[in-house]
Amino acid sequence: MTTITTTIPGRAGELLAALGDRAVLHDMYDAYGSQVYHGLSQHGDHEIRELLGIIRQLPGPVLDLAAGSGRLTMPFLAMGREVTALELSPSMLELLSARLDAGPAALRERCTVVPGDMSDFSLGRRFGAVVLGTTTVSLLDEAGRPGLYRSVREHLAEGGRFLLSTVEMDAARSGENEAEMIVPAGESTLRMYEYWAPGDAARTVTVFPGELDESGEGEVHVCTTTIGVLPADRLEAELAEAGFAVRARHPLPMAGVRHPSVLLEAEVIA
Ligand SMILES: C[S@@+](CC[C@H](N)C(=O)[O-])C[C@H]1O[C@@H](n2cnc3c(N)ncnc32)[C@H](O)[C@@H]1O
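Quantities reported herein were computed from a predicted structural model and do not represent experimental measurements.

J.: Break down the UniProt feature "domain: Methyltransferase" (unreviewed entry) in the chain for me, citing the residues and quoting the values.
T.: Within the UniProt annotation, "domain: Methyltransferase" (unreviewed entry) is assigned to residues 62-160. With 32% helix and 25% strand, the stretch residues 62-160 has end C-alpha atoms that lie 10 Å from each other.

The structure is reproduced here in structure tokens:
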């Protein structure tokens, strides 16, 4: 699970310092942050078309790892698949369950929601596709990833695929080390900062309310997450060491972010 970076770099850190006691800092996936992430995810269809295209070719149920509030789970269900959604954050699990409860029974009945850690899980069954989308593999550090690969191997059916995405941080595209964006989230907007200096092992994403009165009064809720930088070549080498072969790299369309991401399609070989 991510931890809060108390020293947030760049303009986000300066803004946080300027807010002083007004600022209430959250991890992006805690009880408050999960609501914010859910609002953001309602406006994002990144990766969905590509994932559906691949999963359509694969028989069997789908395991959606680190499912969050179901941004990917729901379209997998909508295509008629049986889906197991595994997630660590209790607040994300609540949001996903509420979303399923509010939806059609036909979808809800095909979904199993499981609290669990993607770096060590045992569900006692196998899947045609195991998905770890939205560059979430980067939330695990070097110590956590071998457990993820081992657990995924134990859950892939013969011929099944492990589908995972990562961001290719590109120094040439960076320009400035920090980007500031106003992004839609639910019914409102957020001011999002992404900080990464070329060579840094991680990037930091921090969000403030879109309508922020910097000289006003009252609490300001700020959410942050630190995401490791894991280039596709490195991921592919780690997967090879864990007994996977990457059968395809699918470039993903840029989605209002500075850096391109790629979807790896891996299969167990050894
Ligand atoms: C970037 S979000 C992706 C959520 C969802 N898949 C989506 O596409 O919107 C990352 C998710 O990983 C979850 N997470 C973080 N560490 C985890 C772990 N060790 N095991 C399972 N889930 C984890 C977070 O709670 C969060 O919901």
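J.: Before we move on, could you go through the sheet that holds strand E8 (residues 188-195) and cite the residues and values that matter?
T.: Sheet strands associate in pairs through backbone hydrogen bonding, adopting either a parallel or an antiparallel arrangement. Taken in spatial order, the five strands line up as E1-E10-E9-E8-E7 in an open sheet, and their pairing is mixed. Since the sheet does not close on itself, it has two edges, and those belong to strand E1 (23-27) and strand E7 (178-185), each with one partner. Strand-to-strand twist in this sheet, taken as the mean axis angle between neighbours without regard to direction, amounts to 25°. As paired elements, strand E9 (residues 202-209) and strand E10 (residues 220-228) share six bridges and run antiparallel to each other. The partner of Val205 across the bridge, within E10, is Thr225. With respect to the sheet, helix H2 (residues 31-41) is in contact with E1, E7, E8, E9 and E10, its orientation differing from that of E7 by roughly 80°.

J.: Any chance you could break down the site of the ligand for me, citing the residues and the numbers?
T.: Around the ligand lies a shell of 18 residues, among which Tyr37, Glu87, Asp117, Met118 and Thr134 are the nearest. In the model, a nitrogen atom of the ligand is placed 2.9 Å from a nitrogen or oxygen of the Asp117 side chain. In the complex, 98% of the free accessible area of the ligand, which totals 600 Å², lies under the protein chains. Looking at the shell around the ligand, its residues break down into 10 nonpolar, five polar and three charged.

J.: Requested: an account of the environment of Tyr195, with residues and values cited.
T.: Relative to the helices and strands, Tyr195 is located in strand E8. Separated by 26 residues in the primary sequence, Tyr195 and His221 place their C-alpha atoms 19 Å from one another. Setting aside anything within four residues of it in sequence, one finds Tyr195 in contact with Pro9, Gly10, Asn177, Glu178, Asp200, Arg203 and Thr204.

Cut-off values and rules
Residues numbered from 1 in each chain as written. Predicted model: local features only at pLDDT ≥ 70, side-chain atom pairs only at ≥ 80, totals over all residues. Heavy atoms only, no water. UniProt positions renumbered as here; feature names shortened; annotations may be inferred. Helix = DSSP H or I, 4+ residues; strand = E, 2+ residues; numbered from the N terminus. Pairing = 2+ DSSP bridges. Axes fitted to C-alpha atoms, helices over the stretch in contact; angles between N-to-C directions. Contact = heavy atoms within 4.5 Å. Near = heavy atom within 4 Å. Polar contact = N/O pair within 3.5 Å; in protein donor to acceptor, adjacent residues only side chain to side chain. Areas by Shrake-Rupley, 256 points an atom, 1.4 Å probe, with all protein chains shown as cover. Nonpolar A, V, L, I, M, F, W, Y, C, P; charged D, E, K, R; others polar.

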